[in-house]
Amino acid sequence: MIFYSNWRSLAAYRVRVALAMKQIPHEVVTIDMLGGEHQGAAFTAVNPQGVIPALRTSDGQVLVQSLAILEYLEEIRPTPALLPPDPAGRARVRGLALIHAADSHPLLVPRVRAHLQKDAGLDDAAVQRWVDRALHSGLDAIEKLLAHSPETGQFCHGDQPTMADITLTSHLLAMGFFRCDASAYPTANRIAQNCERLEAFSNSHPLKQPGAPAQ
Ligand SMILES: N[C@@H](CCC(=O)N[C@@H](CS)C(=O)NCC(=O)O)C(=O)O
C-alpha cells in the first residue's frame, strides 16, 4: 500500500493512526502541502480533489477521504476493531467521528481559510474567530455526547479505542495548531490522554512525522 501523507494534515493523521493500530505495512509518500504539491498535476492524477490523504491499495486502487479509508482498513483488517460490534454502537461512533470529520474540520482546511482571506476579505483575527467557532462548537457537542453517555469508558466508546478516538484526537490536535483553549472539555481531555498512552496514537503525532518542524 502507498499512503500519500503530509505531517500537518489532520486527515492524514487519522489514516496514520488506523494503519498503526492495525499494523498494516505501507510505504509513505510525503506530499509537500505547504509548497502546493497537492494541487500539482502529479498528485491530482492520484487524487483529483487535490487533498491529502490518499491510499493506493496493494492492487493499485486509489482510495480518498480519511473516513472512507478507515472503513476500508476496518473491512480488510477487522482487528483491532475501529467500530463496535452492535449497530447502535457503530452509529454512535460514526456520529462522533463525523462531527469532527464532516462538520468541524472541513471549515478550517487551508483552501477554506485561503478563500476567507483572499475572496471574502477576512483579516487574520476574523479567520481565527471562524476557526475558534468551528472547533468549539464541534467539541462542545462531542463533550456533551461523551459526558452524558453510559457507553463512554476509558475511550469514546467503551474501553477500546475506535474511530471516534481517532477523530477526537484529530480535533484536539486542531485546537492545538490554532491555539484554541481546550481546557473546558474534561471528558475529551481525559480520553485523549488515554489515547496518547498508546503507541499507535503517540507515534502518529503530526510533529513526529518527516518534514515537521521541531515544535
Ligand atoms: N474530508 C477530507 C479532508 C481532506 C483535506 O481537506 N485534507 C487537507 C489536509 S488535512 C488538504 O489536503 N488540504 C489542502 C487544501 O485545503 O488546500 C478527508 O477527511 O480526507
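First, a word on what this report is: a plain description of the structure on this page. (Residues numbered from 1 in each chain as written. Predicted model: local features only at pLDDT ≥ 70, side-chain atom pairs only at ≥ 80, totals over all residues. Heavy atoms only, no water.)

### Thoughts on the environment of Ala134
Then comes step 1: Inspection of the secondary structure assignment puts Ala134 in helix H6 (residues 124-147).
Then comes step 2: According to the relative accessible area criterion, Ala134 is buried, its value standing at 4%.
Then comes step 3: Linking Ala134 and Ala41, residues 93 residues apart in sequence, is a C-alpha distance of 31 Å.
Then comes step 4: Residues within four places of Ala134 in sequence aside, it is in contact with Ser104, Leu107 and Leu108. (Helix = DSSP H or I, 4+ residues; strand = E, 2+ residues; numbered from the N terminus. Buried < 20%, exposed > 50% of the residue type's maximum accessible area, 1.4 Å probe, protein only. Contact = heavy atoms within 4.5 Å.)

### Side note on unusual backbone geometry
Then comes step 1: Between Ile52 and the following residue, Pro53, the backbone shows a cis peptide bond with an omega angle of 15 degrees.
Then comes step 2: Within the fold, Pro53 resides in the loop between helix H2 (41-44) and strand S3 (54-56).
Then comes step 3: Cis rather than trans, the peptide bond between Thr79 and Pro80 has omega equal to -10 degrees.
Then comes step 4: Tracing the sequence through the fold places Pro80 in the loop between helix H3 (66-76) and helix H4 (87-104).
Then comes step 5: Positive phi, close to 75 degrees, is recorded for Gln65, a residue that is not glycine.
Then comes step 6: Note that Gln65 resides in the loop between strand S4 (62-64) and H3.
Then comes step 7: A relative accessible area of 46% places Gln65 in the partly exposed class.
Then comes step 8: The phi dihedral of Arg179 falls on the positive side, at around 50 degrees, and the residue is not glycine.

### Considering the packing of H4 against H6
Then comes step 1: The N-to-C vectors of H4 and H6 enclose an angle of 170 degrees; their axes lie 9 Å apart at closest approach. The angle between the axes of H4 and H6 places the two elements in the roughly antiparallel class. Packed against H4, whose contacting residues are Arg92, Leu96, Ile99 and Ser104, the element H6 presents Ala134, Gly138, Ala141, Ile142, Leu145 and Leu146 at the interface.
Then comes step 2: Among the residues forming the contact of H4 with H6, the class breakdown is seven nonpolar, two polar and one charged. (Axes fitted to C-alpha atoms, helices over the stretch in contact; angles between N-to-C directions. Parallel < 35°, antiparallel > 145°, perpendicular 65-115°, else oblique. Nonpolar A, V, L, I, M, F, W, Y, C, P; charged D, E, K, R; others polar.)

### So, the packing of helix H1 (residues 10-21) against helix H7 (residues 163-177)
Then comes step 1: At a minimum axis distance of 10 Å, the contact between H1 and H7 shows a crossing angle of 140 degrees. With respect to each other, H1 and H7 are oriented oblique. The handedness of the crossing between H1 and H7 is right-handed. Residue-level inspection shows Leu10, Tyr13, Arg14, Val17, Ala18 and Met21 of H1 in contact with H7, the latter providing Ile166, Thr167, Thr169, Ser170, Leu173, Ala174 and Phe177.
Then comes step 2: Tallied by class, residues from the contact of H1 with H7 come to nine nonpolar, three polar and one charged. (Left-handed = near helix turned anticlockwise from the far one by under 90°.)

### Here we look at the side chain of Arg16
Then comes step 1: Structurally, the position occupied by Arg16 is in helix H1.
Then comes step 2: Buried within the structure, Arg16 lacks any salt-bridge partner; its nearest side chain of opposite charge belongs to Glu196, at an N-O separation of 11 Å.
Then comes step 3: Polar contacts involving the side chain of Arg16 include one to the side chain of Ser5, which spans 3.1 Å.
Then comes step 4: A polar contact is formed between the side chain of Arg16 and the backbone oxygen of Asn6, at a distance of 3.4 Å.
Then comes step 5: Apart from the residues within four sequence positions on either side, Arg16 is in contact with Phe3, Ser5, Asn6, Trp7, Ser204, His205, Pro206 and Gln209. (Lys, Arg positive; Asp, Glu negative; His and termini not counted. Salt bridge = Lys/Arg side-chain N within 4 Å of Asp/Glu carboxyl O. Polar contact = N/O pair within 3.5 Å; in protein donor to acceptor, adjacent residues only side chain to side chain.)

### Some words on the sheet that holds S3
Then comes step 1: Strand order in the open sheet formed by four strands is S2-S1-S3-S4, and the pairing between neighbours is mixed. Because the sheet does not close on itself, it has two edges, and the strands there are strand S2 (27-30) and S4. The sheet shows a mean angle of 25 degrees between the axes of neighbouring strands, direction not considered.
Then comes step 2: Of the pairings in the sheet, the one linking strand S1 (residues 2-5) to S3 comprises three bridges and is antiparallel in character. Within the sheet, the bridge partner assigned to Ile2 lies in S3 and is Arg56.
Then comes step 3: Lying on the sheet, H3 is in contact with S3 and S4; it crosses S4 at an angle near 125 degrees. (Pairing = 2+ DSSP bridges.)

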